[in-house]
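Examination of the molecular architecture
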Amino acid sequence: MKQLYCLCLLIAMSFPSFAQAPSSTANYNLAKKRLLIQLCSSFLYATYQGKIDEDSATVLAAKIYKLPLLLNYDEGFYDASDKAFLDGSALLEKGNITAFNKILVKTQGTTKIKLLLQRGNFYLSKPGGKPEYLQNALYNIKEALKISNELKIQKWQHQSMMLLGKYYAKARNLDESKNCFIKVVNECRKQNDQKALADALANQAQFLPVFDPQKEIILNEVIKLYNTLGLQEKMIVNYLKIVVIHYYSGNLKVALKGFYQSLYYQRKAGFKHIHFTEATISYIELLQNNTKSALYYALKSIKTMEAINDYNFADDFYLRLGNVYLALGHFEEAKATYEKSFEEGEKGSNTGGWYKSFVSLVAAMSSKGKDQEAIDYINSVTAKYPPPNLFDKMILANTKALCYDKLNNFAMAEKNYKEMDKCAQQILAPETVIDILNLYSNMTAFYAYRYRVKEATFYADKVASIAQLYKHNFTSERLESSLSKIDSINGNYLSALKHHQVYKKLNDKLVNFSKNKEIEELKIRYETQNKEKEIKLLNNQSELQKSELRKSQLLNYLAIGSSVLFIITIALLYNRYRLKQRNHAKLEQKEREIHKKNINLKHLLDEKEWLLKEIHHRVKNNLQTVISLLNSQSAYLDNDMALSAIKNSQHRIHSMSLIHQKLYNSENISTINMPNYIKELVEYLKESFNTGQRIRFEINVAPLELDVAQAVPLGLILNEAITNSIKYAFPDDRTGMIHVTVEKVKDSYYLLTISDNGIGYNTNVSSERKNSFGMSLIKGLSDDLEGKLSIENQNGTIIKIEFLAEFLIDKNR
């Protein structure tokens, strides 16, 4: 089977349409060219759904865009300044091993290492993974490692060891592969070489199995390192690897969010070939019945394809747009789009998606009730183009089974379902599991609605076992409807009802859309009938008027004048009626436009609120990071004044961080609930200074919500005042009380009071103490609030600030 796939690949690569002018990559640097090969190969691998291996997909991607294949593998040892290396790479790209060997014999030192690694990579990346390829690769890698050890150059030791890890992965010796990568990773950590560490970890993660829990953990570290280093293209590639893990694990919502984030990164990096990601987003949105988003991104992918003049994957992009049209019930548009995909596929400039377009076109015909016509069309096309692989054979058998089922030819339907089952068993893999689960759901429904409970239960259990094996939380309308039917037949009515409720929930979107469509159709029919009646009425009136005119010719001039006046009056009234109708139509159109704009504005408002919450969350996290850094720094200080300054800074930063945490967790993202905020700030300071029961607090805060612009300085003032009271008001472990009150004094004016019953403010202290940073901060922040500050000595220290609450929100409103 592998030989057959390789043969198909070579035939596809031989099409002249692949000789596209590289206009879309003309302005790309090496990093973007590597990114293009990697994203394109991932797209091809997913599109072929396991019919070719990843190396074959990479070969095809490089061929399509006329880029050197080794560009995808030689980054660690690529050297544009080394002529011998460049000449050797060019010969390897052409497959001229003999000429390459002549250059290799004449080289020594690091150049020889680079050429050996290049040749080892050349054999490792060959599709098929034949034993002789692996043996040749191993020989070159060991030679490179030997010379690197002799020269004691760690960079080349690491590159050789990582390529050896890649060899063991290809040879299916995963333990040895992991050991090679771990050794390089540990050495890079010791040297604190961030770039080398990122590359080593990326290689380690690449060759771990998809469902290995360590894979995602390592990739997250890789992404952070590349992002810190500013290597956006490499960050994007590894970010997408995490997204793929979520996709193959069945976490479609998480995967979809990842693809959206990846699209943002690609645009930010100036990468133009974003239609791969746009088409993938459309596919997943459609899987989740989000037809509006699916349609938007399907159209967007085609627009991007046309803008950069890259039609290599036109068949697949048109296929995905056709699938969206079909889901929306736009059968004519779906049929036309599938035919366009089919035409692109027949030209040869395709990725193999055209056969799916042909099958989808048949499904569109069947959806219109043309099942016999669909069967005839299948037979005519498959006579000329038989299914090229097991996957296409499987989906074709499923489509024929559905058509025969609707034609009540149950024997032929069952025969095709059996054929589909046979194919599915042979190609079951992470890349095909979603399609196979859906097809087995169809098979379950077929038997359930024939009252063949035993067979229906067997295939329903098969769906459950496959979903469990591949960790998919799978369900569908067909499956839930079938399970409801099975339980109903077995007399398990409670379970049947539960499955029916899930089915109704999944089907609601499509049902609602269908109802809306029916309403629109009925409305059109009703308006058409009314128009026909109006036309008939007007025709009758016209005939009556002609009759009156003929009679009026026999009357005198007075009767003629009266008739003419009557006609003019009727015409004016009719004209008035028509103007009114036009104005009414314009008003309806304007109302629809206003409604649409209101919806868009609401969406923008929701998006803005989400972004504001995210900003507050990130500001809070950054402030917490600063607190942690200050805490870490304090561990290396033994100066009491420095430690005290750091501790004070931590308290001030925490008072600001608490505000952003409140804004992030609150439904109201613009204001702070001051009673709750002040209580939490006081609790934090009590715990920080470990006052225990020695110092008690009394808090009395009027209901008040403030904008962050006022809440931040108010929080800092509270922090400074309470900290001073705790530290200086009760020396020698005295007990005492600290009062914090906020009360309304007049319209929109509030009075903040922080008082204690300690030793009081010493008026004889030096001017230096009076002008301390804390007191200066309180005075400056009071000025920011435009408040009146007063400090009194009355059985302790009393600090009062009267301020205007400019952003006050009345809770009773």
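Everything in this summary refers to the structure shown in the same document. (Residues numbered from 1 in each chain as written. Predicted model: local features only at pLDDT ≥ 70, side-chain atom pairs only at ≥ 80, totals over all residues. Heavy atoms only, no water.)

**Regarding the pattern of salt bridges**
One pass over the structure, following the stated rule, counts 13 salt bridges. Across the salt bridge formed by E278 and R267, the nearest N and O atoms sit 3.8 Å from each other. Of the two residues, E278 is situated in helix α14 (residues 275–287) and R267 in helix α13 (residues 252–268); the sequence distance between them amounts to 11 residues. When its relative accessible area of 43% is taken as the criterion, R267 is described as partly exposed. (Salt bridge = Lys/Arg side-chain N within 4 Å of Asp/Glu carboxyl O. Helix = DSSP H or I, 4+ residues; strand = E, 2+ residues; numbered from the N terminus. Buried < 20%, exposed > 50% of the residue type's maximum accessible area, 1.4 Å probe, protein only.)

**Things to note about the packing of helix α19 (residues 371–384) against helix α20 (residues 390–406)**
Axis separation between α19 and α20 bottoms out at 9 Å; the angle between their running directions is 150°. Our classification of the angle between α19 and α20 gives roughly antiparallel. In this structure, α19 meets α20 at a crossing whose hand is left-handed. Contacts between α19 and α20 involve D371, A374, I375, I378, N379 and T382 on the former and, on the latter, L396, T399, K400, C403, Y404 and K406. Residue composition of the contact of α19 with α20, by class: 6 nonpolar, 3 polar and 3 charged. (Axes fitted to C-alpha atoms, helices over the stretch in contact; angles between N-to-C directions. Parallel < 35°, antiparallel > 145°, perpendicular 65-115°, else oblique. Left-handed = near helix turned anticlockwise from the far one by under 90°. Contact = heavy atoms within 4.5 Å. Nonpolar A, V, L, I, M, F, W, Y, C, P; charged D, E, K, R; others polar.)

**Looking at the sheet that holds strand β6 (residues 788–793)**
The strand order β2-β4-β5-β7-β6 describes an open sheet built from 5 strands, whose pairing is mixed. Looking along the sheet, the strands with just one partner apiece sit at the ends: β2 (695–701) and β6. Mean inter-strand twist for the sheet, computed between neighbouring axes without regard to direction, equals 10°. Note that β2 and strand β4 (residues 736–746) share 7 bridges and pair parallel. The residue of β4 that forms the bridge with N700 is T741. The strands touched by helix α28 (residues 674–689) within the sheet are β2 and β4, with β2 carrying the most contacts at an inclination of about 170°. (Pairing = 2+ DSSP bridges.)

**Digging into unusual backbone geometry**
Even without being glycine, N309 reaches a positive phi, approximately 60°. If you trace the backbone, N309 turns up in the loop between α15 (291–307) and α16 (314–328). The phi dihedral of D733 is positive, around 60°, even though this residue is not glycine. Secondary-structure assignment places D733 in the loop between α29 (708–729) and β4.

**Here's the deal with a negative patch on the surface**
A contiguous patch of negative charge on the surface is contributed by D783, D784, E786 and E806. Residue position: E786 is located in the loop between α31 (773–784) and β6. (Patch = residues over 30% accessible without salt bridge, like charges linked within 9 Å, V, L, I, M, F, W, Y side chains within 5 Å. Areas by Shrake-Rupley, 256 points an atom, 1.4 Å probe, with all protein chains shown as cover. Lys, Arg positive; Asp, Glu negative; His and termini not counted. Charge placed at Lys NZ, Arg CZ, Asp CG, Glu CD.)

**Some words on α20**
The terminal C-alpha atoms of α20, which comprises 17 residues, lie 25 Å apart, in line with the 24 Å expected from a rise of 1.5 Å per residue. Following α20 by one or two positions, N408 adopts a phi angle in the positive range, close to 65°. (Expected span 1.5 Å × (residues − 1).)

**Observations regarding helix α11 (residues 213–229)**
Taking 1.5 Å as the rise per residue, α11 with 17 residues should run 24 Å; its terminal C-alpha atoms sit 25 Å apart, in good agreement. Tucked inside the fold, the buried residues of α11 contact α10 (194–206) and α12 (232–248). Capping the start of α11 is the job of one residue whose side-chain oxygen sits 2.9 Å from the backbone nitrogen of Q214: D212. One or two residues past the end of α11 sits G230, with phi positive at roughly 80°. (Polar contact = N/O pair within 3.5 Å; in protein donor to acceptor, adjacent residues only side chain to side chain.)

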